[in-house]
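# A structural walkthrough
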Amino acid sequence: ASKRSGAGARLAKASVGALSLSPPPANIAAVVSVDVVVPVFNEEEILASSVERLSTYLAETFPYAWRIVIADNASTDATSEIAERLATIDARIVHLRLEQKGRGRALRTAWSQSDADIVVYTDVDLSTGLTGLLPLVAPLVTGHSDIAIGSRLSAGSSVARGPKRELISRAYNLLLRLVFAVRFRDAQCGFKAGRTDVIKLLLPAVEDEAWFFDTELLLLAEYNGLRVHEVPVDWIDDPDSRVDVRSTALADLAGVRRMAMRFLRGKGHVDLGAHERAPLGDDFGRQTVTFVLIGVVSTTISLLLFLALRPESGAIWANAVAFTATALGNNWANRRFTFRRRSDEDRSWRYLTSFSVYLVSLLQTTLALAAVEGNSTLELAMLALTWGAAAVLRFVVLRGWVYRRSGSVTVGE
């Protein structure tokens, strides 16, 4: 994480006045400061107890300078009064009042105003166990990762919630993995952190102001090659949650569609300046295995189509339809999973090269089938031979020309 001089001792300035950061334990250098943002809307019943629990945990166990920011997004009950009282009692607590609703809006405002080195947010009900806070922040402090998220879907997580929410969460995150080929597992857990300098670069590109804010931020982060670290968490569902699951799910689906179209148009790039990830070394082994797995799936589909169509249309036309039907999906899957490219740089070159490979491969299989048409055993043998040759050709061209970048592979491109 970036280390600005005097980070542990400086005073933070917000709309409510100057506020001092909590000093860390004497045996640990004050080199990192952390803002823990708690977005709230009409939480008069639990706000005081949750903030007291959070501040006690931070004071007793957290090794970095810290501040709690209560981001009150247009509460209409006594939440504002309680937040003001808490801020008056403890200078390490900030009340940030917004006059418009929206969790995303609250986080955007608090994070964009922060002068801490790391920004965190947690839900006010503290459903996520606070023991995960230090593991969440640690990879950001070391510079290993740019963003860290709590994950309820990791193998080491302990989660207590009903089957309905579990099903919805898993379905939503599976959709993200299928559409965007993301590597994180849980986009919606209310427990996230980021390096402030990186977060501030991403925020202008995030459009959502409500519940999709988290997902959009993570999608943009991975799209631009940033490293997202996941931490298994202990999580207990809040039975008093007032989130409208149906309306939130519909809004999330609309957000997924918007981001898919945005990325297809090549509009997801964010200028990260010095934070751009350096290219990694050769990734031949992983690419080969992934390419083969995708090839097995597409070849199986093509073969089934060929066998279904051959009796009526003949081997040549059956092959043309079967080969064409899987070509687009195969190319998309290899772009996303094998070569991990998400940007639309050199789109015309990529389309032209991929289409040329398709035409050459189709011509190759057509000529081979024409030589043995009528003999079903030889037809299948020729298909195996020519489809295998086409796969090798596709891999060589995609790896060597279409997705090559200065001889190296860049994660998240």
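Up top you'll find the structure we're talking about.
Nothing here was measured: the structure is a model prediction, and the numbers come from that model.

Our next topic: the packing of helix α9 (residues 284-338) against helix α11 (residues 376-402). In contact at an axis separation of 11 Å, α9 and α11 are set at 145 degrees when each is read in the N-to-C sense. For the element pair α9 and α11, the recorded crossing hand is right-handed. Residue composition of the contact of α9 with α11, by class: 13 nonpolar, 9 polar and 4 charged.

Time to look at the nonpolar core. Counting 42 residues, the largest nonpolar core has Trp111, Phe180, Phe184 and Leu202 as its most contacted members. Ranked by the residues each element gives to this core, the list is headed by helix α7 (residues 213-223), at 7 residues. Within the second largest apolar cluster, 35 residues are counted, among which are Ile82, Leu133, Val141 and Cys189.

Strand order in the open sheet formed by 7 strands is β5-β4-β3-β6-β9-β7-β10, with mixed pairing between adjacent strands. Two strands bound the open sheet, and with one partner strand each, they are β5 (93-98) and β10 (228-232). Going from strand to strand, the sheet's axes swing by 20 degrees on average, the running direction of each strand aside. Here strand β7 (residues 147-151) pairs with β10 via 5 bridges, running parallel. The partner of Ile147 across the bridge, within β10, is Val228.

The next point concerns the environment of Leu107. Turning to its location among the elements, Leu107 is positioned in helix α3 (residues 103-113). The sequence separation of Leu107 and Pro39 amounts to 68 residues, and the corresponding C-alpha distance is 6.8 Å. For Leu107, the contacting residues outside a window of four places in its chain are Val37, Pro39, Tyr121, Phe213 and Asp214.

It is worth spelling out helix α2 (residues 79-89) at this point. Working note: α-helix, 3.6 residues per turn, so residues spaced by three or four point in the same direction. Among all positions of α2, only Thr79, Ser80, Ile82, Ala83, Leu86 and Ala87 are buried. An end-on view of α2 places all buried positions within 165 degrees of arc, on one side of the element. Exposed residues lying more than 90 degrees from the buried face of α2 are Glu81, Thr88 and Ile89. Lining the buried residues of α2 we find β3 (33-40), α1 (47-61), β4 (65-73) and β5.

Rules used in this analysis
- Residues numbered from 1 in each chain as written.
- Predicted model: local features only at pLDDT ≥ 70, side-chain atom pairs only at ≥ 80, totals over all residues.
- Heavy atoms only, no water.
- Axes fitted to C-alpha atoms, helices over the stretch in contact; angles between N-to-C directions.
- Helix = DSSP H or I, 4+ residues; strand = E, 2+ residues; numbered from the N terminus.
- Left-handed = near helix turned anticlockwise from the far one by under 90°.
- Nonpolar A, V, L, I, M, F, W, Y, C, P; charged D, E, K, R; others polar.
- Core = buried A, V, L, I, M, F, W, Y, C linked by side-chain atoms within 4.5 Å.
- Buried < 20%, exposed > 50% of the residue type's maximum accessible area, 1.4 Å probe, protein only.
- Pairing = 2+ DSSP bridges.
- Contact = heavy atoms within 4.5 Å.
- Arc of directions from axis to C-beta.

These figures come from the coordinates and say nothing about function on their own.
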